Amino acid sequence: MRTERSLTRLDRVFARLDREPERPVHLDVPEMSRHRIALFAGTLAFYLAIVWAVLITSWLVRLDWQVMFFRPYQQWPEIHAFVDYYVVLGQRGPTAVMVAAWLGWRSWRQHTLRPLLALGVSLLLLNVTVGAAKYGMGRLGPHYATTIGSNEMWAGGDIFPSGHTANAVVTWGILAYLASTPRARRWLSALSAVVSLGVGMSTVYLGTHWLSDVLLGWAAGLLILLALPWFEPLITRAEVRILDLRDRWFARRGRPEPAKEPVSVPVAPAPLGSGREDTPVREPVAAPRTRAPVHLAPGPHTTRSDRTPVTPAGSRRPPHADRHPRNTAPAARPLSGG
């Protein structure tokens, strides 16, 4: 009997990913259109304007201090418990796990690694850009401010821009970026905007961020989402590379196995009870059938050999004394003396 190597769970996963994608036919990959480039340029200008307004200690910094002295968590203490839980939607660990689980299921259904790779690229950009800005400008938060009215820049802090806000924009906005239809993209864009807006205002309510931190966090997250189409070729090459490494790994694992020779005839298992279940039995190849002449009776190799008599010349009528074969003269009857 022909045996095959048992497939592991990882083998089955890669085998499913190797099938033909079942995603919608008209699924479009976002491109850097003129509209998107204009949005990116406008968001970048807004980002730089916020940074400049904080650096020069403008009216935005004065607004930050006014909101801090207002102490929203003391004005509405009844929602404090809810806000403590809601702000988790902007934390990196929980949101990354939830979104990665959903996109992993999408990758399984669509048989492509693009959703997970797009999430990985976006989180990598988030860590690099937002992290560099945080530690580069070193702004202190409201709870650690030292001088009233100052911008608290280059003081060893790490809250400008708001990481919670930027993370909420990216992790929930990637769902809209990877949506299969324009309608789903619109709904998911609105949902991610509401979630990220609530996360940013929650940090202001709790007093962990200045208002300008949240504004810059929204701009930083939106810049990453708008720049993702530039990284689509990289995502495609990474997917091809991963699948190529998968194929090489499978080939290296299967190298010790002997090559299977092609079998010219079908292989059937031995009949039950023969004691040779593991020995292949070759089916006999039947010779081309030829029709026997009609004047010959079936030979002894057929199952009809035990049936007698057999009528020659193809006649199915029973023999009769008064009948004679065709094309022969009838025998003369004796004359009866009268």
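Up top is the structure these notes are about.
About the criteria used
- Residues numbered from 1 in each chain as written.
- Predicted model: local features only at pLDDT ≥ 70, side-chain atom pairs only at ≥ 80, totals over all residues.
- Heavy atoms only, no water.
- Helix = DSSP H or I, 4+ residues; strand = E, 2+ residues; numbered from the N terminus.
- Areas by Shrake-Rupley, 256 points an atom, 1.4 Å probe, with all protein chains shown as cover.
- Salt bridge = Lys/Arg side-chain N within 4 Å of Asp/Glu carboxyl O.
- Buried < 20%, exposed > 50% of the residue type's maximum accessible area, 1.4 Å probe, protein only.
- Core = buried A, V, L, I, M, F, W, Y, C linked by side-chain atoms within 4.5 Å.
- Contact = heavy atoms within 4.5 Å.
- Polar contact = N/O pair within 3.5 Å; in protein donor to acceptor, adjacent residues only side chain to side chain.
- Phe/Tyr/Trp six-rings, centres within 6.5 Å; stacked < 30°, edge-to-face > 60°.
- Lys NZ or Arg CZ within 6 Å of the ring centre and 35° of its normal.
- Expected span 1.5 Å × (residues − 1).
- Arc of directions from axis to C-beta.

Draft legend 1. Structural view of the overall build of the protein chain. On a plain count of helices and strands, the protein chain comes out with 11 helices and two strands. Its helices and strands in sequence order give the protein chain the pattern α-α-α-α-α-α-α-α-α-α-α-β-β, from N to C terminus. In the structure as shown, the protein chain presents an accessible area of about 23000 Å², 62% of it carried by carbon and sulfur atoms.

Draft legend 2. Representation of the pattern of salt bridges. Within the structure shown, the criterion is met by six salt bridges. In this structure, Glu 232 and Arg 114 form a salt bridge, with 3.1 Å as the shortest nitrogen-oxygen distance. Of this pair, Glu 232 sits in helix 11 (residues 232-253) while Arg 114 is found in helix 7 (residues 114-137), placing the two residues 118 residues apart along the sequence. By the burial criterion, Glu 232 is buried, and Arg 114 matches it. Note that Asp 213 and Arg 139 form a salt bridge whose closest N and O atoms lie 3.1 Å from each other. One end of the pair, Asp 213, is in helix 10 (residues 211-227); the other, Arg 139, is in the loop between helix 7 and helix 8 (163-177), with 74 residues separating them in the sequence. Each member of the pair, Asp 213 as well as Arg 139, is classed as buried. If you follow the salt bridges from partner to partner, you end up with Asp 64, Arg 139 and Asp 213 in one network.

Draft legend 3. Molecular detail of the nonpolar core. One finds Tyr 47, Phe 160 and Ile 174 to be the most contacted residues of the largest nonpolar core, which totals 52 residues. For this core, the secondary-structure elements that each account for two or more residues are helix 2 (34-55), helix 3 (59-70), helix 6 (92-110), helix 7, helix 8, helix 9 (182-206), helix 10 and helix 11. At 10 residues, the largest contribution of residues to this core is made by helix 7. Once you skip the residues sitting within four places of it in the chain, Ile 174 turns out to touch Val 99, Leu 103, Ala 118, Leu 119, Ser 122, Leu 225 and Leu 228.

Draft legend 4. Spotlight on the side chain of Thr 171. Turning to its location among the elements, Thr 171 is positioned in helix 8. Separated by 2.6 Å, the side chain of Thr 171 and the backbone oxygen of Asn 167 make a polar contact. Setting aside residues up to four positions removed in sequence, Thr 171 forms contacts with Thr 95, Val 99 and Leu 123.

Draft legend 5. Up close: the packing of aromatic side chains. By the definition in use, this model includes seven aromatic pairs. Centre to centre, the rings of Trp 65 and Phe 69 are 5.8 Å apart; their planes meet at 40 degrees, and the pair counts as tilted. Placement of the pair is Trp 65 and Phe 69 together in helix 3, with a separation of four residues, close to one helical turn. Exposure remark for Trp 65: the relative accessible area of 7% places this residue in the buried category. With relative accessibility at 42%, the residue Phe 69 sits in the partly exposed group. Three or more aromatic residues joined by ring pairs form one cluster here, namely Trp 65, Phe 69 and Trp 210. Directly above the ring of Phe 160 sits Arg 139, whose terminal nitrogen or CZ lies 5.1 Å from the centroid.

Draft legend 6. Quick look at the environment of Asp 158. Structurally, Asp 158 can be placed in the loop between helix 7 and helix 8. Given the relative accessible area of 35%, Asp 158 is considered partly exposed. Separated by 27 residues in the primary sequence, Asp 158 and Gly 131 have C-alpha atoms spaced 8.3 Å apart. When near neighbours in sequence (up to four residues on either side) are disregarded, Asp 158 contacts Lys 134, Tyr 135 and Arg 139.

Draft legend 7. Representation of helix 6. For helix 6, spanning 19 residues, the distance from its first C-alpha to its last is 26 Å, which sits close to the expected 27 Å at 1.5 Å a residue. Within helix 6, the full set of buried residues consists of Thr 95, Ala 96, Val 99, Leu 103, Arg 106, Ser 107 and Gln 110. Along helix 6, the residues classed as buried sweep out an arc of 100 degrees about the axis, all on the same side. Of the residues in helix 6, the exposed ones pointing more than 90 degrees away from the buried face are Val 97 and Ala 101. One or two positions beyond helix 6, positive phi appears at His 111, with a value near 55 degrees.

Draft legend 8. The side chain of Ser 162, seen in detail. Residue position: Ser 162 is located in the loop between helix 7 and helix 8. Classification of Ser 162 as buried rests on a relative accessible area of 0%. Of note is the side chain of Ser 162, whose polar atom sits 3.0 Å from the side chain of Thr 165. Ignoring sequence-local partners within four residues, the contact set of Ser 162 consists of Lys 134, His 209, Asp 213, Val 214 and Gly 217.

Draft legend 9. Examining the environment of Glu 152 more closely. Within the fold, Glu 152 resides in the loop between helix 7 and helix 8. By relative accessible area, Glu 152 is classed as buried at 4%. When the C-alpha positions of Glu 152 and Met 137 are compared, they lie 9.5 Å apart, and in sequence the two are 15 residues distant. Other than its neighbours up to four places away in sequence, Glu 152 contacts Trp 65, Gly 138, Arg 139, Leu 140, Ala 145, Thr 146, Thr 147 and Trp 210. Reaching out from Glu 152, the side chain makes a polar contact with the side chain of Thr 146 at a distance of 3.1 Å.

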